[in-house]
Amino acid sequence: TLATLCQPIESTQMTTPLGELALSMLKDQQALGVAVLDGTRLVGWCSRDNVLNAARSADPRLQIGFISSADLGTLPPTATIGEGLELVSSRQDQ
């Protein structure tokens, strides 16, 4: 199942400033990105590259919610690796 391949991810509220998040990601070289939450609800994802690039070019006070992607492809941890590969192969943003 996919659960055997999963790693814990960082999450943050959609109101977190880009500058704060970028500093955190620079300290953690293993961070792939961040799950963006509105309270406890998952509302988006932002990759490490997008966070760092936006922090360089935008106002560091800009909230992460403005640049996160809401186009999420989610699967339960019980999904098979085949189901995960099928989801990934069907996405446009590979």
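Before any of the text, the structure's been laid out above.
Note that the structure is predicted; figures quoted are calculated from it, not measured.

### Points about the sheet that holds strand S1 (residues 10-13)
Here is step 1: One open sheet holds the three strands; their spatial order is S1-S2-S3, and the pairing between them is mixed. Two strands lie at the open edges of the sheet, namely S1 and strand S3 (41-47), each paired on one side alone. Ignoring which end each strand starts from, the neighbouring axes of this sheet average 35° apart.

### Regarding the pattern of salt bridges
Here is step 1: One pass over the full model with this rule turns up two salt bridges.
Here is step 2: Notably, a salt bridge pairs Arg41 with Asp38, separated by 3.9 Å at the nearest N-O pair.
Here is step 3: The exposure class assigned to Arg41 is exposed, which follows from its relative accessible area of 52%.
Here is step 4: A salt bridge links Arg61 to Asp59, with the nearest nitrogen and oxygen atoms 2.8 Å apart.
Here is step 5: Residue classification places Arg61 among the exposed residues on the basis of a relative accessible area of 65%.

### Quick word on helix H1 (residues 18-27)
Here is step 1: Restricting attention to buried positions, one finds in H1 the residues Leu18, Gly19, Leu21, Ala22 and Met25. Projected down its long axis, H1 shows its buried positions confined to an angular sector of 160°, all on one face. Counted as exposed and oriented over 90 degrees from the buried face of H1: Glu20, Leu23 and Lys27.
Here is step 2: Buried positions along H1 lie against S1, strand S2 (33-38) and helix H2 (48-57).

### Quick look at the packing of H1 against H2
Here is step 1: One can describe the packing of H1 onto H2 by two numbers: an axis separation of 9 Å at closest approach and a directional angle of 125°. The orientation of H1 relative to H2 falls into the category oblique. Of the two possible hands of crossing, H1 and H2 adopt the one that is left-handed. In this structure, H1 contributes Leu18, Leu21, Ala22, Met25 and Leu26 to the contact, and H2 contributes Arg48, Val51, Leu52, Ala54 and Ala55.

### Points about the pairing of S3
Successive residues of a regular strand alternate their side chains across the two faces of the sheet.
Here is step 1: Note that S2 and S3 share six bridges and pair antiparallel. Paired with Gly33 across the strands is Ser47, a residue of S3.
Here is step 2: The turn linking S2 back onto S3 is made up of two residues, and Gly39 within it adopts a positive phi angle of 70°.

About the criteria used
Sequence order as written defines the numbering, with residues in each chain counted from 1. Thresholds applied to this predicted model are a pLDDT of at least 70 for local features of residues and 80 or more for the giving and counting of side-chain atom pairs; totals over whole chains, interfaces and linings are not thresholded and use all residues. With hydrogens and water excluded, all non-hydrogen atoms of the structure serve as input to the side-chain values. Any two strands with at least two DSSP-identified bridges between them are counted as paired. Helix and strand assignments follow DSSP, with helices taken as H or I runs no shorter than four residues and strands as E runs no shorter than two, numbered in order from the N terminus. Axis lines are fitted to C-alpha atoms, over the contacting stretch for helices. Their N-to-C directions set the angle, which ranges from 0 to 180 degrees. We define a salt bridge as a side-chain nitrogen of Lys or Arg found within 4 Å of a carboxyl oxygen belonging to Asp or Glu. Here's how the labels work: a residue is buried when its accessible area is under 20% of the maximum for its type, exposed when over 50%, partly exposed in between, all with a 1.4 Å probe on protein chains only. It is the directions from the helix axis to the C-beta atoms whose arc is reported. Here, two residues are considered to be in contact whenever any of their heavy atoms come within 4.5 Å of each other. Angle categories: roughly parallel below 35 degrees, roughly antiparallel above 145, roughly perpendicular from 65 to 115, and oblique for all the rest. When the near helix sits turned anticlockwise from the far one by under a right angle, the crossing is termed left-handed; a clockwise turn instead gives a right-handed crossing.

Function cannot be inferred from these measures alone, as they are strictly geometric.
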